[in-house]
Amino acid sequence: MSFGQGGPGWGPGGGPTPDWNALAEQAAATRARRRRLLLIGCGAAATVAVAAVVALAVTQGISGGEPSDASTTSLPSPADLPSGPSQPEPDFTKAPPPPNPYEFISDPEKDTAPRSAEGFFPDTTVELDGRSYRRAAVKSAEDCPSAAATNDLEKVLKDWNCTEMHQASFTRDGISVTVGIAVLHGESEAGEVKKAAKPYLAPLTGGDVPKDFCRYSACRSSAEAYGRYVVFTVSGYVDGTDVTREETTALAAGRDLTAHARERLKARGREQAAAAATEQPAP
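Residues numbered from 1 in each chain as written. Predicted model: local features only at pLDDT ≥ 70, side-chain atom pairs only at ≥ 80, totals over all residues. Heavy atoms only, no water.

Participant: Would you mind showing me how to read the state of the cysteines here?
Facilitator: Defined simply, a disulfide is a covalent bond joining two cysteines at their sulfur atoms. According to the stated counting rule, one finds two disulfides in the structure shown. In the protein chain, the bonded cysteines, numbered by position in the sequence, are linked as 1-2, 3-4. (Disulfide = S-S within 2.5 Å.)

Participant: I keep staring at the environment of threonine 178 and nothing clicks. Help me out?
Facilitator: Residue position: threonine 178 is located in strand β4 (residues 175–183). Expressed as a C-alpha distance, the spacing of threonine 178 and valine 234, which sit 56 residues apart in the sequence, is 5.4 Å. With sequence-adjacent residues up to four places away left out, threonine 178 is seen in contact with Gln167, Ala168, Ser169, Leu201, Ala202, Pro203, Leu204, Phe232, Thr233 and Val234. At 2.9 Å, the side chain of threonine 178 and the backbone nitrogen of leucine 204 are in polar contact. (Helix = DSSP H or I, 4+ residues; strand = E, 2+ residues; numbered from the N terminus. Contact = heavy atoms within 4.5 Å. Polar contact = N/O pair within 3.5 Å; in protein donor to acceptor, adjacent residues only side chain to side chain.)

Participant: What's the story with the pattern of salt bridges in this structure? I'm lost.
Facilitator: Opposite charge on two side chains permits them to pair, given that their charged atoms come into close proximity. For the structure on display, the rule yields 15 salt bridges. A salt bridge links aspartate 208 to arginine 134; the shortest N-O distance between them is 1.8 Å. In this pair, aspartate 208 is assigned in the loop between α6 (187–196) and β5 (220–226) and arginine 134 in strand β2 (residues 131–141), connecting sequence segments 74 residues apart. What makes arginine 134 partly exposed here is its relative accessible area of 41%. Glutamate 154 serves as the salt-bridge partner of lysine 158, at 3.7 Å between the closest nitrogen and oxygen. With lysine 158 and glutamate 154 both in helix α5 (residues 151–159) and four residues apart, the pair spans about one turn of that helix. Classification of glutamate 154 as partly exposed rests on a relative accessible area of 24%. Here the salt bridges share partners, and the residues they tie into one network are Asp111, Arg115, Glu164, Arg228 and Arg268. (Salt bridge = Lys/Arg side-chain N within 4 Å of Asp/Glu carboxyl O. Buried < 20%, exposed > 50% of the residue type's maximum accessible area, 1.4 Å probe, protein only.)

What follows is the structure, given as C-alpha cells:
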C-alpha cells in the first residue's frame, strides 16, 4: 500500500484551503446567540422570583402573618415616640365683639365724652340731600328745662330730669330751624320725654333769625328720641308767615335737621366705641 494517497485534503496536492474568517464569524455568532438566550432565561427567572416574593408579602399581610424580627427592630419603641406635635396648637379663642356705638349714647357711665353745641354742630354749612343750610347761632344750657318755650314742655323736661340742652339754628330760603339736643339720664327717660313732649322748644335767635321768630306766628315742631337724647326742632318762616297744615317746606326743613342731629349722635357713639376698642386688652 502506498502511504502517499488518502492524506488530508489541505496538504500539498490536496483540495482548496478553508475560509478561516468565515468559520470564525460563524463561531462568534453562535456564541452571541447562546449568550442572549442565557440572559433572557436569567431575566425571566429573576422576574418570577420577584413576583413570588411580592405575592408572599401580600399573602402574609392579608393573612395577618407576624412581621420578621428585622422589621420590628427598625421601628421606634412607644417610649421613643413624641408625646405631642412639635408645632403649637392653634388658638381658637374668639376675640371679644367690638363695642356697640349705641350703648355709648344710651348709658351715662359710657357716654363720657365732652358735650357742647359747637361739638354737636361744628359745621357752619350743612348739605343735606342737595339742600344747603347755614348755621346762624349756637347755644348750650346746663339748665335744660329753661330752654323750653312753653310751660308744658318745661314740666316734661323737669319731670324726667333733663340735665342739658344744646341748640343751633339754621337758615335756608327764608326758613329757619332751631334744633335742640336734650340730655337725659338714660334711654327709657328719653323715650318718656319724647312721648310727652309738647310744643314748643324755644327758638334760638340771632344773626338772620329775628328775636320774635315763632313767637307771634305758627311754626312746626317735632321730637325724636335716640339713645339717652331727645332731638327737638321748631321751624318756620323768618318773615313771620304762618306755617299752615298744608305747607311742607318748613316740615321738610325740620326733618332735615332732625336727621342731621341724629347722625351727629351716631358719630358720637362711634367715636367713643372706637376709643374703647383700642383700650380692650388682647385675648
